[in-house]
Amino acid sequence: VVPAGAEGWLPFSPGVEIKQLHGSSASISVFARFAPGASVAAHGHELDEDCIMLRGDLYLSDLLLREGEYQLAPAGTGHRGLASDGGAVLFFHGAIDDRVRGG
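Keep in mind the model is a prediction, meaning the values are calculated, not measured. (Residues numbered from 1 in each chain as written. Predicted model: local features only at pLDDT ≥ 70, side-chain atom pairs only at ≥ 80, totals over all residues. Heavy atoms only, no water.)

Concerning empty space enclosed by the protein
Part 1 of the argument: Considering all chains together, one arrives at 1 cavity of 30 Å³ or more under this definition.
Part 2 of the argument: Each pocket or cavity is described by its volume, and for the largest cavity that value is around 260 Å³.
Part 3 of the argument: If you trace the largest cavity, you find 22 residues lining it, with F12, H43, E49, L82 and F92 closest to the centre.
Part 4 of the argument: No other element matches strand β6 (residues 49–60), which puts 4 residues into the lining of the largest cavity. (1 Å grid on protein atoms, 1.4 Å probe; cavity = no way out; pocket = protein on both sides within 12 Å on 5 of 7 lines; lining within 4 Å. Points joined across faces, edges and corners; volume = space filled by probe spheres on them. Helix = DSSP H or I, 4+ residues; strand = E, 2+ residues; numbered from the N terminus.)

Set out below in structure tokens:
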């Protein structure tokens, strides 16, 4: 069990924090928290990527993922960027592209 509390969130990029749930950088499950206005640069996917929006909404390229929705990005595809106008919390499972860390 990973508590939902304030502890355990780590900086990922400006305005984005992650909380590791399971796995390693090769295949990882995390919660990701976007502050209002936060974004992540364009990136690709080595593995299938599963996202479930828990709170708020997030643009995945030009697709808007809303609270309660699921998105699959198949291996070999990518996003032109991620951005949240009002903030978001999502569940993510896949591989993290280290080129997007830190901003």
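Still to come is the rest of the account.
Remarks on the nonpolar core
Part 1 of the argument: With 19 residues, the main nonpolar core has F34, L58, L90 and F92 as its most contacted residues.
Part 2 of the argument: When residues no more than four places from it in sequence are discounted, the contact partners of L58 are F34, M53, L63, L64, L65, L82, A83, S84 and L90. (Core = buried A, V, L, I, M, F, W, Y, C linked by side-chain atoms within 4.5 Å. Buried < 20%, exposed > 50% of the residue type's maximum accessible area, 1.4 Å probe, protein only. Contact = heavy atoms within 4.5 Å.)

Some details on the pattern of salt bridges
Part 1 of the argument: For the structure shown, the criterion picks out 1 salt bridge.
Part 2 of the argument: Residue R33 pairs with E17 through a salt bridge whose shortest N-O separation is 2.6 Å. Of this pair, R33 sits in strand β3 (residues 27–34) while E17 is found in strand β2 (residues 16–24), placing the two residues 16 residues apart along the sequence.
Part 3 of the argument: The class for R33 is partly exposed, based on a relative accessible area of 29%.
Part 4 of the argument: Taking the relative accessible area as the measure of exposure, E17 reaches 29% and is therefore partly exposed. (Salt bridge = Lys/Arg side-chain N within 4 Å of Asp/Glu carboxyl O.)

A short note on a nonpolar patch on the surface
Part 1 of the argument: Taken together, the side chains of I52, L54, Y70 and L72 define a hydrophobic patch exposed on the protein surface, amounting to about 360 Å² of accessible area.
Part 2 of the argument: If you list the elements that add at least two residues to the nonpolar patch, you get β6 and β8 (70–73).
Part 3 of the argument: When you line up the elements, L54 lands in strand β6.
Part 4 of the argument: The class for L54 is partly exposed, based on a relative accessible area of 40%. (Patch = residues over 30% accessible without salt bridge, like charges linked within 9 Å, V, L, I, M, F, W, Y side chains within 5 Å. Areas by Shrake-Rupley, 256 points an atom, 1.4 Å probe, with all protein chains shown as cover.)

A word on unusual backbone geometry
Part 1 of the argument: Backbone geometry places S61, a non-glycine residue, at a positive phi of 60 degrees.
Part 2 of the argument: Looking at the secondary structure, you find S61 in the loop between β6 and β7 (63–66).
Part 3 of the argument: Accessibility expressed as a relative area gives 21% for S61, which makes it partly exposed.

What to know about the environment of G23
Part 1 of the argument: Secondary-structure assignment places G23 in strand β2.
Part 2 of the argument: For G23, a relative accessible area of 33% translates into the label partly exposed.

Observations regarding the packing of aromatic side chains
Part 1 of the argument: As enumerated under the stated definition, the model contains 0 aromatic pairs in all.
Part 2 of the argument: Note that R33 overlies the ring of W9, its terminal NZ or CZ placed 4.0 Å from the centroid. (Phe/Tyr/Trp six-rings, centres within 6.5 Å; stacked < 30°, edge-to-face > 60°. Lys NZ or Arg CZ within 6 Å of the ring centre and 35° of its normal.)

Keep in mind these values describe shape, not function.
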